[in-house]
Amino acid sequence: MKTRTIAVLVAAALGAACTTDPYTGQQKMSNTAGGALLGAAAGAGLGLLAGGNDRRNALIGAGVGALAGGAVGAYMDNQEAQLRTQLQGTGVSVTREGNRIILNMPSNITFPTDQDSVMPAFYPTLNSVALVLKKYNQTLIDVNGHTDSTGSEQYNLDLSRRRAQSVASYLSAQGVDGRRFAINGFGKSDPIASNATEAGRAQNRRVEIYLTPIT
């Protein structure tokens, strides 16, 4: 499991070394950035071997500082304020739960129907998210995919994970440290509205990003 996790981190680091053309969706890698990020990924792997599958230990081991005391709340306040400014009018909601921030990205503005590739029209919104996440690098990023109840359980699990992976990969390609990510697909298991109506099903089809401070 540790080896598999390190391989995922190396792949994420490679993604972070790429830049994406917002019009064509093509990615290009800088040799310098790629080499540097592979070295960082190796450092993250050592952190995981020392402390288990723990992104916090990996990041702290790589030199990302932890937050403490009253600094946590102020840090998350500032991050929340900038996210709200950047995401105003985009259709992405920003919710605060204690010291955790949740971004809710409805699938109707993020993905084509039944697809897992981010719509080009959504690139600018994700670019805005990436700008804030790069500035506030002392947060862990959980990207969680969800679907409605239509279709089989396995299909929904796969689709929800692929969508979460697409969002995380895009953010990594914009320079967000791939070691910060955890990617989860929940399928239809965690609805936020009734699946008995189309309006409810539309709310359930979403990708959520949870931002948690490193403490």
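The coordinates are above.
Please read these numbers as outputs of a predicted model, since none were measured by experiment.

A. Spotlight on the overall build of the protein. Counting secondary structure elements, the protein contains eight helices and seven strands. Pairs at least 24 residues apart make up 70% of the contacts formed inside the protein by residues separated by at least 6 positions. As displayed, the protein has an accessible area near 10,200 Å², and 54% of this comes from carbon and sulfur atoms.

B. Summary view of the packing of aromatic side chains. In total, this model carries two aromatic pairs according to the counting rule given. Consider the rings of Tyr-75 and Tyr-136, whose centres lie 5.2 Å apart with planes at 75°: the pair is edge-to-face. Pair noted here: Tyr-75 is in helix H4 (residues 71-87) and Tyr-136 is in the loop between helix H6 (123-135) and strand S5 (139-146), with a separation of 61 residues, a long-range link. Accessibility expressed as a relative area gives 11% for Tyr-75, which makes it buried. Taking relative accessible area as the criterion, Tyr-136 reaches 8% and is therefore assigned buried. Note on Tyr-123 and Tyr-170: the rings are 5.0 Å apart at their centroids and 20° apart in plane angle, and the pair reads as stacked. Of this pair, Tyr-123 sits in helix H6 while Tyr-170 sits in helix H7 (residues 153-173), placing them 47 residues apart in sequence. Take Tyr-170: its relative accessible area is 6%, and that puts it in the buried class.

C. A look at the sheet that holds strand S7 (residues 206-213). The strand order S3-S4-S7-S5-S6 describes an open sheet built from five strands, whose pairing is mixed. In this open sheet, the two strands that pair with only one neighbour each are strand S3 (93-97) and strand S6 (181-185). Averaged over all pairs of adjacent strands, the angle between their axes in this sheet comes to 20°, without regard to strand direction. With five bridges connecting them, S5 and S6 associate as parallel partners. Across the sheet, the residue bridging to Ile-141 is Phe-181, located in S6. Against the sheet, H4 contacts S3, strand S4 (100-106), S5 and S7, and its axis sits at roughly 165° relative to S3.

D. Quick look at the side chain of Gln-79. Positionally, Gln-79 belongs in helix H4. Beyond its immediate chain neighbours, meaning those up to four positions away, Gln-79 contacts Ile-101, Val-132, Leu-133, Tyr-136, Thr-139 and Leu-211.

E. Structural view of H4. Over its 17 residues, H4 extends 24 Å from the first C-alpha to the last, a length consistent with the 24 Å expected when each residue adds 1.5 Å. Considered for burial, the residues of H4 that qualify are Val-72, Tyr-75, Met-76, Gln-79, Glu-80, Leu-83 and Leu-87. Within H4, the buried residues cover an arc of 130° as seen down the axis, which keeps them to one side. Those residues of H4 that are buried lie in contact with S3, S4, H6, S5 and S7. Backbone geometry just after H4 places Gly-89 at a positive phi near 80°.

F. Geometry of the environment of Phe-181. For Phe-181, the location among the structural elements is in strand S6. According to the relative accessible area criterion, Phe-181 is buried, its value standing at 10%. Taking the C-alpha atoms as reference, Phe-181 lies 9.8 Å from Ile-209; in sequence the two are 28 residues apart. Setting aside residues no more than four positions away along its own chain, Phe-181 makes contact with Arg-55, Ile-141, Val-143, Ala-168, Leu-171, Ser-172 and Val-176.

G. Main features of the pattern of salt bridges. As enumerated under the stated definition, the model contains 11 salt bridges in all. A salt bridge links Glu-80 to Arg-96, with the nearest nitrogen and oxygen atoms 2.6 Å apart. With Glu-80 in helix H4 and Arg-96 in strand S3, the pair connects residues that are 16 residues apart, well separated along the chain. With relative accessibility at 14%, the residue Glu-80 sits in the buried group. For Arg-96, a relative accessible area of 22% puts it in the partly exposed group. Note that Arg-205 and Asp-148 form a salt bridge whose closest N and O atoms lie 2.6 Å from each other. Here the residue Arg-205 occupies a position in the loop between helix H8 (198-204) and S7, and Asp-148 occupies one in the loop between S5 and H7, the gap between them amounting to 57 residues. Judged by relative accessible area, Asp-148 falls into the buried class, the value being 7%. Ionic contacts of the salt-bridge type, sharing partners, join the residues Asp-77, Glu-80, Arg-84 and Arg-96 into one network.

Cut-off values and rules
Residues numbered from 1 in each chain as written. Predicted model: local features only at pLDDT ≥ 70, side-chain atom pairs only at ≥ 80, totals over all residues. Heavy atoms only, no water. Helix = DSSP H or I, 4+ residues; strand = E, 2+ residues; numbered from the N terminus. Contact = heavy atoms within 4.5 Å. Areas by Shrake-Rupley, 256 points an atom, 1.4 Å probe, with all protein chains shown as cover. Phe/Tyr/Trp six-rings, centres within 6.5 Å; stacked < 30°, edge-to-face > 60°. Buried < 20%, exposed > 50% of the residue type's maximum accessible area, 1.4 Å probe, protein only. Pairing = 2+ DSSP bridges. Axes fitted to C-alpha atoms, helices over the stretch in contact; angles between N-to-C directions. Expected span 1.5 Å × (residues − 1). Arc of directions from axis to C-beta. Salt bridge = Lys/Arg side-chain N within 4 Å of Asp/Glu carboxyl O.

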